[in-house]
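Chain residues, written in single-letter form:
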Amino acid sequence: VISAGKPLCLAVNKWDLIPRPSEPQKAAAGVARRAPFLRFAPVVCTSAKTGFQVLKLIEQVTALAAQARKRLTSQELRDLLEFLRSNPKAPTSLRHSRMIRLSQIGGSPPTFHRMARTRGRFSATDTAYVQNILREKGGFEGVPVRVHFLVKRR
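Since this is a predicted model, take the numbers as computed values, not measurements.

Engineer: Help me out: how do you make sense of the overall build of the chain in this one?
Structural biologist: For the chain, the helix and strand inventory stands at five helices and five strands. Beginning at the N terminus, the succession of helices and strands in the chain can be written as β-α-β-α-α-α-β-β-α-β. Referenced to the eigenvectors of the C-alpha coordinate spread, the extents of the chain come out at roughly 60 × 25 × 25 Å. The buried share of the chain, taken over its 154 residues, is 40%. Of the contacts formed within the chain by residues at least 6 apart in sequence, a portion of 64% connects residues at least 24 apart. Surface summary for the chain: the accessible area is close to 9400 Å², and the carbon and sulfur share equals 54%. Within the chain, the 9 negative side-chain charges are centred at a point lying 10 Å from the centre of the 28 positive side-chain charges.

See the structure below:
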């Protein structure tokens with residue numbers, strides 16, 4: 001699903017069989033702990049038998065489909081680029097590069113080009129960091145985001 005670039009929502013079914021239903025947030029935390037690569041995907045606890053949160057699951061899937069097709073405006077892209085430039089928690093290689101431009105080149109899955117001047121290369125950690133920022137600040141929760149680095153050597 002992730003490599004195909006499709007939005008992802010995890011449904012935890014059989015919620016009615018839990019003797020003392022705990023909070024659904026605990027189930028989501030358990031899924032994130034067991035599958036950290038799916039940490040970005042929302043988790044909805046459901047029961048097909050009782051209908052518990054089935055409508056919420058449908059609403060979540062509909063919202064994810066809309067997020068996958070979402071296009072950011074030029075101003076939103078400039079704001080995201082400025083955040084990436086100024087964030088002290090960014091990986092060192094990103095902070096030491098000169099970011100020139102961030103552009104969205106596609107939707108479903110949202111695909112971005114990030115142009116920078118640098119002496120080195122960008123690692124998988126750098127890419128994951130930018131993807132997570134785009135999900136969080138750009139409104140792409142639950143959607144795989146693709147980021148391509150275009151590098152101009154100094």
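Engineer: Sorry, what's going on with helix H2 (residues 54-69) here?
Structural biologist: An α-helical segment advances 3.6 residues per turn. Residues three or four places apart therefore align on the same side. Along its 16 residues, H2 runs 23 Å from first to last C-alpha, staying within 8% of the 22 Å computed at 1.5 Å per residue. Taken together, the buried positions of H2 are occupied by Leu57, Leu64, Gln67 and Ala68. One side of H2 holds all its buried residues, which, seen down the axis, span an arc of 95°. Residues of H2 that are exposed and point more than 90 degrees away from the buried face comprise Leu55, Glu59, Thr62 and Arg69. Structurally, H2 contributes buried residues whose contacts are with strand S1 (10-12) and strand S2 (43-45).

Engineer: How should the state of the cysteines be read in this particular structure?
Structural biologist: By definition, a disulfide links the sulfur atoms of two cysteines through a covalent bond. According to the stated counting rule, one finds zero disulfides in the structure shown. As a non-bridged cysteine, Cys45 has Cys9 as the owner of its nearest cysteine sulfur, 10 Å distant.

Engineer: Sorry, what's going on with the side chain of Gln67 here?
Structural biologist: Mapped onto the elements, Gln67 comes out in helix H2. The buried category is assigned to Gln67, whose relative accessible area is 19%. Among the polar contacts made by the side chain of Gln67, one reaches the main-chain amide nitrogen of Glu141 at a distance of 3.4 Å. If sequence neighbours within four positions are ignored, Gln67 has contacts with Pro110, Gly139, Phe140, Glu141 and Val143.

Engineer: Before we go on, may I ask you to explain helix H5 (residues 124-138) in this structure?
Structural biologist: Compared with an ideal rise of 1.5 Å per residue, which puts 15 residues at 21 Å, H5 spans 20 Å between its outermost C-alpha atoms and is within 8% of the ideal. For H5, the complete set of buried residues consists of Asp126, Thr127, Tyr129, Val130, Gln131, Ile133, Leu134, Arg135 and Gly138. Among the residues trailing H5, Gly139 stands out with phi positive, at a value near 80°.

Engineer: How should I be thinking about the pairing of strand S3 (residues 98-106) in this particular structure?
Structural biologist: Side chains on a regular strand alternate between the two faces of the sheet. Pairing geometry for S3 and strand S4 (residues 111-118), over seven bridges, is antiparallel. Bridging from a neighbouring strand, Arg98 pairs with Arg117 of S4.

Engineer: Just to check I follow, could you spell out the nonpolar core for this structure?
Structural biologist: A general trend in soluble globular proteins is that nonpolar side chains are found buried together. The biggest cluster of nonpolar side chains holds 26 residues, and the ones touching the most others in it are Leu102, Phe112, Tyr129, Val130 and Leu134. Going through the elements one at a time, H2, helix H3 (74-86), S3, S4, H5 and strand S5 (146-153) are the ones with two or more residues in this core. Among residues more than four places away in sequence, those in contact with Tyr129 are Phe83, Leu84, Asn87, Lys89, Ala90, Pro91 and Leu94. Counting six residues, the second-largest nonpolar core is a separate cluster that includes Leu8, Ala35, Leu38 and Ala41.

Cut-off values and rules
- Residues numbered from 1 in each chain as written.
- Predicted model: local features only at pLDDT ≥ 70, side-chain atom pairs only at ≥ 80, totals over all residues.
- Heavy atoms only, no water.
- Helix = DSSP H or I, 4+ residues; strand = E, 2+ residues; numbered from the N terminus.
- Buried < 20%, exposed > 50% of the residue type's maximum accessible area, 1.4 Å probe, protein only.
- Contact = heavy atoms within 4.5 Å.
- Areas by Shrake-Rupley, 256 points an atom, 1.4 Å probe, with all protein chains shown as cover.
- Lys, Arg positive; Asp, Glu negative; His and termini not counted.
- Charge placed at Lys NZ, Arg CZ, Asp CG, Glu CD.
- Expected span 1.5 Å × (residues − 1).
- Arc of directions from axis to C-beta.
- Disulfide = S-S within 2.5 Å.
- Polar contact = N/O pair within 3.5 Å; in protein donor to acceptor, adjacent residues only side chain to side chain.
- Pairing = 2+ DSSP bridges.
- Core = buried A, V, L, I, M, F, W, Y, C linked by side-chain atoms within 4.5 Å.

Purely spatial values, then, with no claim about function.
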